[in-house]
Amino acid sequence: MNAPRRVQSVTSLSGALRVPGDKSTSHRALMISALASGTSTIEGLSPGEDVKSTSRIIEQLGAKRSDDLGVITIIGPDSGLRASDAELDCGNSGTTMRLLCGVVSGIEGTHRLIGDASLSKRPMDRVAAPLGLMGAVISGGGHRVNAPLEVTGTSSLRGIDYRVPTPSAQVKSAILLAGLHAAGDTTVREDIRTRTTTEDMLRSAGVDVSSVDQELGRVVSLTPQRPKAHNWRVPGDPSQAAFFCVLGAIHANAHIEVLDIDVAPERTGFISVLQRMGAQVDASSREGRGIVTVKSSQLTSTEINSREIPSVDEVPILAVAAAAARGVTVFRDMGELRIKESDRFKGSMMLASLVGCRVWSEGDDFFIDGLSSAEAFSYFSIDAGLDHRIVMSAAVAGLAGSGCSILGAKTVASSYPTFFEDVASLS
Ligand code: S3P
């Protein structure tokens, strides 16, 4: 059993930093490069364990990988990827497992996908259902189709027209990646616009993908085609920048700049939320690269709907912001939080409660009565389970408040292995 990590509060935070390469872009750069024929390069790949899982798996499927001073070269086999006899270990990474289901659905043979204890509890029926309609067979445990999974891929997938019932970029992406190998076009309809990473990157790789916005949603259609090799540059991960935005806003003496991040609208809803709460946070773009600056701020409560932050990745850290705000912050329609790396619905409420807030829930909504300042936070101990975002959210609360102790802090390596070192560089 690992010892808990102790986090001490710090008196001031200042400086600029880069966060790891965007996880979503990194997974897709590896998968699309492996599907292409020939040599692709990737600069700025996320160093996290989740992306390493994807990287190992594409090699198992036949891609070649080399690393030259941080620039990764991937060579996709001319004859295409092929099934591996070995299990494909997705570790803690839902994106790896769900997107990979799409990729291997079009590869003839049987593929066995496994994950850690957290991933094995997460529902895969959301990808098994549409990929089943396309002609693949995905079986797993129980009605939610939990890992370990067995995917029977086929070279004769059919294109589908599918409305994703719950907004999910992972589901959209799994279908589009399978659609690359299908007979006929594939259309995915989403009621709420989710991140466009897959569509954008497939287009960069020469695939014909159209995208039409409709009210709050979007219709994406793809014509099957093999992606072309490409030189990818991965921007910084906005979901990691979110931890520094909240840290800077709730800390009494902070001025932090996060450089070179992806500022796509589907990824930066948390910035609008923080601005609405009164945070002095500002996002700008220099030569196509996003920069976010944040200063110590007095926050007030707000109402946040999951529609504003479609993947809800930034909700645990916004719960920490709410805990430091004046008044009751309302988090609406947050059911998806329950099926992330841990039950983040419970985890977000628990964090706020541990620092001393009154918290309660009604159905899929929860409420945090803030303490008006992080300086009023109590010292706390938390078990982060296998959830990297709970580790970082707890650390931010401890750094700005009265310190904390985190069991399972090592899980931060899933997405941000140098998180604690980067924080230390600011103090
Ligand atoms: C991701 C999509 C989101 C997000 C996850 C990464 C992606 O999940 O939570 O961290 O790369 O497509 P959902 O698609 O389930 O919203």
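1. Looking at the overall build of the chain
And step 1. Secondary structure assignment for the chain yields twelve helices and 23 strands.
And step 2. In summary, the chain has a C-alpha radius of gyration of 21 Å against a globular reference of 22 Å for 427 residues, a match within 12%.
And step 3. Seen through its principal axes, the chain has C-alpha atoms that stretch 60 × 45 × 45 Å.
And step 4. By residue count, 58% of the 427 residues in the chain fall in the buried class.
And step 5. Counted over contacts in the chain with a minimum sequence separation of 6, partners at least 24 positions apart contribute 73%.
And step 6. Between the averaged position of the 42 positive side-chain charges in the chain and that of its 48 negative side-chain charges there is a distance of 1 Å.

2. Structural notes on the environment of lysine 121
And step 1. Here lysine 121 shows up in the loop between strand E7 (109-114) and helix H4 (125-134).
And step 2. In this structure lysine 121 comes out as exposed when scored by relative accessible area, which is 68%.
And step 3. Remark: the alpha-carbon pair of lysine 121 and alanine 16, spanning 105 residues in sequence, is separated by 38 Å.

3. Description of the domain arrangement of the chain
It is common to give the size of an interface as the accessible area that goes away when the parts come together.
And step 1. If you check the domain split of the chain, you get domain 1 (5-21 + 236-424) and domain 2 (23-224).
And step 2. A straight line from the C-alpha centre of domain 1 to that of domain 2 covers 29 Å.
And step 3. At the junction of the two partners, domain 1 supplies 20 residues and domain 2 supplies 24 residues.
And step 4. The contact between domain 1 and domain 2 buries some 1900 Å² in all, and 50% of this surface belongs to carbon and sulfur atoms.
And step 5. On inspection of domain 1 and its partner domain 2, the count reaches four salt bridges.
And step 6. We note a salt bridge from arginine 195 to aspartate 313, for which the minimum N-O separation is 3.4 Å.

4. Some points on the packing of aromatic side chains
And step 1. Following the criterion strictly, the structure yields eight aromatic pairs and no others.
And step 2. The structure contains a cluster of three or more aromatic residues connected by ring pairs, namely Phe243, Phe244, Tyr416, Phe419 and Phe420.
And step 3. Across from the ring centre of phenylalanine 420, 3.9 Å away, lies the NZ or CZ of arginine 5, which sits over that ring.
And step 4. Sitting over the ring of phenylalanine 345, arginine 338 keeps its end group 4.0 Å from the ring centre.

5. Details of the pattern of salt bridges
And step 1. Considering all chains together, one arrives at 30 salt bridges under this definition.
And step 2. One salt bridge in this structure joins arginine 332 and glutamate 303, with 2.9 Å as the shortest N-O distance. In this pair, arginine 332 is assigned in strand E19 (residues 328-332) and glutamate 303 in strand E18 (residues 303-305), connecting sequence segments 29 residues apart.
And step 3. Judged by its relative accessible area of 27%, arginine 332 falls in the partly exposed class.
And step 4. A salt bridge links lysine 340 to aspartate 313; the shortest N-O distance between them is 4.0 Å. Remark: aspartate 313 occurs in the loop between E18 and helix H9 (315-323) and lysine 340 occurs in the loop between E19 and helix H10 (344-355); sequence separation between them is 27 residues. Aspartate 313 shares its class with lysine 340; the two are buried.
And step 5. Connected via shared salt-bridge partners are Arg122, Arg195, Asp313, Lys340, Glu341, Arg344, Asp387 and Arg389.

6. Topic: the site of the ligand
And step 1. Within the structure, the ligand sits among Ser24, Arg28, Thr95, Ser168, Ala169, Gln170, Arg195, Ser311, Asp313, Lys340 and Arg389.
And step 2. A distance of 2.7 Å is found between an oxygen atom of the ligand and a side-chain nitrogen or oxygen belonging to serine 24.
And step 3. Alanine 169 has a polar backbone atom sitting 2.9 Å from an oxygen atom of the ligand.
And step 4. Out of a free accessible area of 380 Å², the ligand has 95% covered by protein chains.
And step 5. The cavity that encloses the ligand is the largest cavity.
And step 6. Among the residues forming the shell around the ligand, the class breakdown is one nonpolar, five polar and five charged.
And step 7. In this structure, the shell around the ligand is formed jointly by two domains, domain 1 (5-21 + 236-424) and domain 2 (23-224), each of which donates at least three residues.

7. Focus: empty space enclosed by the protein
And step 1. One pass over the structure, following the stated rule, counts one cavity of 30 Å³ or more.
And step 2. The volume enclosed by the largest cavity comes to roughly 430 Å³.
And step 3. Lining of the largest cavity is provided by 33 residues; of these, Gln170, Arg195, Ser311, Asp313 and Lys340 occupy positions nearest its centre.
And step 4. The residue makeup of the lining of the largest cavity, split by class, is six nonpolar, ten polar and 17 charged.
And step 5. Structurally, the lining of the largest cavity is a two-domain feature, drawing no fewer than three residues from each of domain 1 (5-21 + 236-424) and domain 2 (23-224).

So, how was this worked out
Residues numbered from 1 in each chain as written. Predicted model: local features only at pLDDT ≥ 70, side-chain atom pairs only at ≥ 80, totals over all residues. Heavy atoms only, no water. Helix = DSSP H or I, 4+ residues; strand = E, 2+ residues; numbered from the N terminus. Rg over C-alpha atoms; globule rule 2.2 N^0.38 Å. Buried < 20%, exposed > 50% of the residue type's maximum accessible area, 1.4 Å probe, protein only. Contact = heavy atoms within 4.5 Å. Lys, Arg positive; Asp, Glu negative; His and termini not counted. Charge placed at Lys NZ, Arg CZ, Asp CG, Glu CD. Domains from an automatic or database assignment. Buried area = accessible area lost by both parts, 1.4 Å probe. Salt bridge = Lys/Arg side-chain N within 4 Å of Asp/Glu carboxyl O. Phe/Tyr/Trp six-rings, centres within 6.5 Å; stacked < 30°, edge-to-face > 60°. Lys NZ or Arg CZ within 6 Å of the ring centre and 35° of its normal. Near = heavy atom within 4 Å. Polar contact = N/O pair within 3.5 Å; in protein donor to acceptor, adjacent residues only side chain to side chain. Areas by Shrake-Rupley, 256 points an atom, 1.4 Å probe, with all protein chains shown as cover. 1 Å grid on protein atoms, 1.4 Å probe; cavity = no way out; pocket = protein on both sides within 12 Å on 5 of 7 lines; lining within 4 Å. Sits in = over half its atoms within 2 Å of the grid points. Nonpolar A, V, L, I, M, F, W, Y, C, P; charged D, E, K, R; others polar. Points joined across faces, edges and corners; volume = space filled by probe spheres on them.

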